[in-house]
Amino acid sequence: MENMVAVILGGGKGSRLFPLTKQRSKPAVGIAGKYRLIDIPISNCINSGITQMFVLTMYQSASLNNHISNAYRFDQFSKGFVQVLAAEQTAESSEWFQGTADAVRKTLPHLGHKKSNKGLVLLLSGDHLYRMNYRLFRDSHIRSNADISIAVMPVTREDAPELGVLKVDETGRITKFVEKPKTKEALDEMETDTSIFGLAPEEAAKRPFLASMGIYIFDPDTLSNLLMADPSRTDFGKEIIPQAIETHKMQAYCFDGYWADIGTIRAFYEANLDLVSPVPKFNLFDPTQPIYSNTRFLPGAKLNRASVEAAVLCDGTIVEGATVRDSILGTRSRVWHGAVIEESLIMGADFYQHGDDPGPQIGINEGAYLKRCIIDKNASIGRYVQMVNRQGHNDYDDPEGRFHVRDGIIIVVKDAVIPEGFVF
């Protein structure tokens, strides 16, 4: 779709995903063992025919830049591109991005020359897991003659207080927006008959609220005018959208598929571990809507006398005499004899270690036991280590910075070395 350009928000510090964001930006965090979060919106765009994309980043973007440059190379005769726009000092401003709206405002000059055809602007988040055909979203936007369209999904009363909630009239036009309504009175005011979007009456009764997915389509002039009218407004959800309801036609586009905000460690862990279930909510095996990523040209996973149950094993993985249950082993993972891995995400390694390397052996070494863990890349889990959270910590920080616990999940940081016999 040459009449649409996508702008993907890379996020700020990503503090809720710490320590996975300790050395990388949020969209560069790995998912499903072989992809990165940024691959999800980029793949949705490519599958929808959108090949002109900007990724706005600010913090620790080197890993993300490298991934994008290696993974997304369009044909030389194509107009397609995926371009990273990092925060920069200019004659007009020496500040970093102050929020989502401020990030787009400060990069408008870069967006302008790429869309001389005045095409629509699709604004996306870089840390959600879902599949959407943006063509259908665009067609709905054009049919409604809206200035702005927002993708929404029906949610329950229990889920609504943690989300931005919209109220619409019988035509789907947005009339009100409230960010994370907490009180019963505030929720009651936002209740909507979601059956107008085709939900069955009983399903509409279960999910009578419309949550914003943080996915927008803007007319380019509308976007520019809203952003430049008041530079003090720095956030789309909290400031730009509520103000625009009063002055512009805003339409809701209902999406009723799988969508997960994986901006926290628990949400990230649960979304990954669901992929090992017999019928996962997010289907990586859909040939009509593939998820694209960096092509590594690695051999298939190799198992030697291993016991594997309900697991995803990615390219280049080697498991020797170990037990793996309800887990994901990422690219180039190594697991040695007697190790047991349960309900864990092993992110793998960036390289194969040479046999004569005198350093710690990267991977899950002999006799180690891991349960409910996220092991970041290039980590070495020593022989007979036990990482099982024996004390039942909900949140904990290792004094030496090698690992952290968030929501009861152990996260071993990238390049960390857990010494032989260590027990936690």
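Residues numbered from 1 in each chain as written. Predicted model: local features only at pLDDT ≥ 70, side-chain atom pairs only at ≥ 80, totals over all residues. Heavy atoms only, no water.

Visitor: Would you mind showing me how to read the overall build of the protein chain here?
Guide: Within the protein chain, the secondary structure is distributed over nine helices and 29 strands. Computed over its C-alpha atoms, the radius of gyration of the protein chain comes to 23 Å, within 12% of the 22 Å expected for a compact globule of 424 residues. Overall, the C-alpha framework of the protein chain stretches about 65 × 50 × 40 Å when taken along its three principal axes. Counting all 424 residues of the protein chain, 52% fall into the buried class. In the protein chain, once contacts between residues fewer than 6 apart in sequence are set aside, the share between residues at least 24 apart is 63%. When the accessible surface of the protein chain is summed, it comes to about 18800 Å², and 48% of that surface belongs to carbon and sulfur atoms. A gap of 3 Å separates the mean positions of the 46 positive and 52 negative side-chain charges of the protein chain. (Helix = DSSP H or I, 4+ residues; strand = E, 2+ residues; numbered from the N terminus. Rg over C-alpha atoms; globule rule 2.2 N^0.38 Å. Buried < 20%, exposed > 50% of the residue type's maximum accessible area, 1.4 Å probe, protein only. Contact = heavy atoms within 4.5 Å. Areas by Shrake-Rupley, 256 points an atom, 1.4 Å probe, with all protein chains shown as cover. Lys, Arg positive; Asp, Glu negative; His and termini not counted. Charge placed at Lys NZ, Arg CZ, Asp CG, Glu CD.)

Visitor: How should the pairing of strand β4 (residues 52–57) be read in this particular structure?
Guide: The two faces of the sheet receive side chains in turn, since in a regular strand these alternate between them. Counting buried residues in β4 gives six out of six residues, a clear majority hidden from the surface. Side chains of β4 alternate between two faces, with Gln52, Phe54 and Leu56 and Met53, Val55 and Thr57 buried alike. Pairing geometry for strand β1 (residues 4–9) and β4, over four bridges, is parallel. The partner of alanine 6 across the bridge, within β4, is methionine 53. Of the pairings in the sheet, the one linking β4 to strand β5 (residues 81–86) comprises six bridges and is parallel in character. Residue pairing across strands places glutamine 52 opposite phenylalanine 81, the latter belonging to β5. (Pairing = 2+ DSSP bridges.)

Visitor: Which parts of the structure should I look at to understand the nonpolar core?
Guide: A general trend in soluble globular proteins is that nonpolar side chains are found buried together. Ranked by size, the top nonpolar core spans 38 residues in total, and within it Leu122, Leu124, Met132 and Ile215 carry the most contacts. For this core, the leading source of residues is strand β11 (residues 209–218), giving five residues. What methionine 132 contacts, discounting residues up to four positions off in sequence, is Asn44, Ser48, Phe137, Ala151, Met213, Ile215, Tyr253 and Phe255. Of all hydrophobic cores here, the second largest spans 37 residues; its members include Ala103, Ile150, Phe177 and Tyr216. (Core = buried A, V, L, I, M, F, W, Y, C linked by side-chain atoms within 4.5 Å.)

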